[in-house]
Amino acid sequence: MTVNGAFVMGHPIAHSRSPMLHTYWLKRLGIEGSYERLDIPPEQLGAFFAGFREAGWIGGNVTVPHKLAVIPYLDAIDDDAKAMGAVNTIWWNDGALTGGNTDSLGFMGNIDELVPGWDRTAKRAVILGAGGATRAAAYGLMKRGLDVAICNRTISKAEALAEQFGKGVSAHGLDAVGGLLAGADLLVNTTSLGMIGQPPLEIDLTGLQARTVVYDVIYAPLDTDLLKQAKAKGCRTVDGLGMLLHQGVEGFRRWFKQTPEITGELRALLIDDIRAKTPGA
Ligand code: ATR
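Source: prediction; values computed, not measured. (Residues numbered from 1 in each chain as written. Predicted model: local features only at pLDDT ≥ 70, side-chain atom pairs only at ≥ 80, totals over all residues. Heavy atoms only, no water.)

J.: Which parts of the structure should I look at to understand the overall build of the protein chain?
T.: Scanning the protein chain from N- to C-terminus turns up 11 helices and 12 strands. Computed over C-alpha atoms, the radius of gyration of the protein chain comes to 19 Å, within 12% of the 19 Å expected from 2.2 N^0.38 for 281 residues, which places it in the range of a compact globule. Counting only C-alpha atoms, the protein chain reaches 60 × 40 × 35 Å along its principal axes. In the protein chain, which comprises 281 residues, the proportion classed as buried is 52%. (Helix = DSSP H or I, 4+ residues; strand = E, 2+ residues; numbered from the N terminus. Rg over C-alpha atoms; globule rule 2.2 N^0.38 Å. Buried < 20%, exposed > 50% of the residue type's maximum accessible area, 1.4 Å probe, protein only.)

So, in structure tokens, the structure goes:
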């Protein structure tokens, strides 16, 4: 039986940076509790949930490959998880084991922190990609009232997202990006391009305006080529590390009932860890 125990469950799970965040916050806030890494192979998922209450878990994060597989074991799914089609956080809500998804809140919390007031006049966003991170970004931006253009190599994937989110969200190929930039208040990269070990992101940034905020969800490296080019054009930029931190805040609040602080010390800890494990970051 754990006391105030939370977890991140996945398979494999060794790479997860979440324990670093949550153990830092537990210590800093003086909360008696723990956040553990659980390696749960798919065939053990049923047994894990059968013993969940008895084990005393207060909740946790869910990662690959369980983000969909956990759904049948939960009592309720919140609107964010429904929109995302995946659960990344579990907690007890009035006795009901509830699944949610904090990726969209993490995405928005990061830009709100780093570029306060960015959305006061923002109307149009251009997002590159059509994967899980795109979904989180598009959903958050759409809820904030922005029109969102999703641009992806495989246009059918962008179309599927546009169809799901409906009015205000449109689908395009990557060749449309150049023409969309002039009207963009926000440009977001949610593809894997530009990440260490991946090919570079090669898009025509000629039309990028200085008023456009440029957000890259990649955090290895922190300063991607896209962000460097954007800064050279005078744009305000947002890197991807804060998305991880802010989605962590949302989980921590649900389990431990306190809002933890994203300190410079915590950012530095994570950056050191990324650099240690990703040569070249
Ligand atoms: P996640 O779920 O982590 O967001 P993903 O589902 O693997 O990531 O999505 C990766 C994104 O990067 C996709 O939009 C992918 O485009 P496709 O849907 O066409 O595959 C994009 N991507 C990856 N490699 C690419 C490349 N070489 N050129 C253009 N887009 C690429």
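Continuing now.
J.: Sorry, what's going on with the site of the ligand here?
T.: In the vicinity of the ligand there are 13 residues, among which Gly132, Asn152, Arg153, Thr154 and Lys157 approach most closely. Side-chain polar atom of asparagine 152 to an oxygen atom of the ligand: 2.7 Å apart, as the coordinates give it. The separation between an oxygen atom of the ligand and a polar side-chain atom of lysine 157 is 2.7 Å. Calculation on the ligand without its partners gives an accessible area of 640 Å², and the protein chains cover 65% of this total. Of all the cavities here, the one that holds the ligand is the second largest pocket. Considering only residue class, the shell around the ligand consists of four nonpolar, seven polar and two charged. (Near = heavy atom within 4 Å. Polar contact = N/O pair within 3.5 Å; in protein donor to acceptor, adjacent residues only side chain to side chain. Areas by Shrake-Rupley, 256 points an atom, 1.4 Å probe, with all protein chains shown as cover. 1 Å grid on protein atoms, 1.4 Å probe; cavity = no way out; pocket = protein on both sides within 12 Å on 5 of 7 lines; lining within 4 Å. Sits in = over half its atoms within 2 Å of the grid points. Nonpolar A, V, L, I, M, F, W, Y, C, P; charged D, E, K, R; others polar.)

J.: I'm lost on the sheet that holds strand β4 (residues 76-77) in this one. Help?
T.: Here six strands make up an open sheet; going across it, the order is β2-β1-β3-β5-β6-β4 and the pairing mixed. Across the chains shown, the open sheet's two edge strands, defined by having one partner strand only, are β2 (34-39) and β4. Sheet analysis places strand β5 (residues 89-93) next to strand β6 (residues 96-100), joined by five bridges and oriented antiparallel. Bridged to tryptophan 92 within β6 is leucine 97. Seen against the sheet, helix α1 (residues 18-29) touches β1 (5-10), β2 and β3 (57-62) and runs at an angle of roughly 160° to β2. (Pairing = 2+ DSSP bridges. Contact = heavy atoms within 4.5 Å. Axes fitted to C-alpha atoms, helices over the stretch in contact; angles between N-to-C directions.)

J.: Any chance you could explain the layout of surface pockets here in plain terms?
T.: In this approach the atoms are scanned with a rolling probe the size of a water molecule, which exposes any empty space left behind. Put simply, the largest pocket is a space of about 1100 Å³. Lining the largest pocket are 33 residues, with Thr63, Lys67, Asp103, Tyr219 and Leu244 sitting closest to its centre. For the lining of the largest pocket, the secondary structure elements donating two or more residues are β3, α6 (132-143) and α10 (241-256). Considering only residue class, the lining of the largest pocket consists of 14 nonpolar, 14 polar and five charged. The residues that make up the lining of the largest pocket include at least three from each of domain 1 (5-101 + 242-277) and domain 2 (117-239). Reported here for the second largest pocket is a volume of approximately 230 Å³. Taken together, Gly129, Ala130, Gly131, Asn152, Arg153, Thr154, Lys157, Leu174, Thr190, Thr191, Ser192 and Leu193 make up the lining of the second largest pocket. For the lining of the second largest pocket, the class distribution of residues is three nonpolar, seven polar and two charged. (Points joined across faces, edges and corners; volume = space filled by probe spheres on them. Domains from an automatic or database assignment.)

J.: What's the story with the packing of aromatic side chains in this structure? I'm lost.
T.: We describe a pair of aromatic rings using the distance from one ring centre to the other and the angle between the two ring planes. Overall, the coordinates contain 15 aromatic pairs when judged by the stated rule. For the ring pair phenylalanine 7 and tryptophan 57, a centre distance of 5.2 Å and an interplane angle of 80° mean the geometry is edge-to-face. Taken as a pair, phenylalanine 7 in strand β1 and tryptophan 57 in strand β3 lie far apart in primary sequence, 50 residues in all. You'll find phenylalanine 7 and tryptophan 57 in the same group, each marked buried. Summarising the aromatic geometry, the rings of tryptophan 25 and phenylalanine 252 are spaced 5.7 Å apart at their centres and angled 75° between planes, so their arrangement reads as edge-to-face. A residue pair is termed long-range when its members are at least 10 positions apart, and tryptophan 25 in helix α1 and phenylalanine 252 in helix α10 qualify at 227 residues. We classify tryptophan 25 as buried; its relative accessible area is 0%. Cluster of aromatic residues (ring-pair linked, three or more members): Phe7, Phe48, Phe49, Phe52, Trp57, Tyr73 and Trp92. When the ring centre of tryptophan 91 is taken as origin, the NZ or CZ atom of arginine 254, which lies over that ring, is 5.0 Å away. (Phe/Tyr/Trp six-rings, centres within 6.5 Å; stacked < 30°, edge-to-face > 60°. Lys NZ or Arg CZ within 6 Å of the ring centre and 35° of its normal.)

J.: In this structure, what is going on with the side chain of asparagine 189? I would like to understand it.
T.: Inspection of the secondary structure assignment puts asparagine 189 in strand β10 (residues 186-189). Setting aside anything within four residues of it in sequence, one finds asparagine 189 in contact with Leu128, Leu201, Tyr215, Asp216, Val217, Ile218 and Leu226.

J.: Explain the side chain of threonine 191 to me, please; I cannot follow it from the model alone.
T.: The residue threonine 191 is located in the loop between β10 and β11 (213-216) in this model. One polar contact links the side chain of threonine 191 to the main-chain amide nitrogen of leucine 193, over a distance of 3.1 Å. Those residues in contact with threonine 191, other than ones at most four positions away along the chain, are Leu128, Gly129, Leu201 and Ile218.

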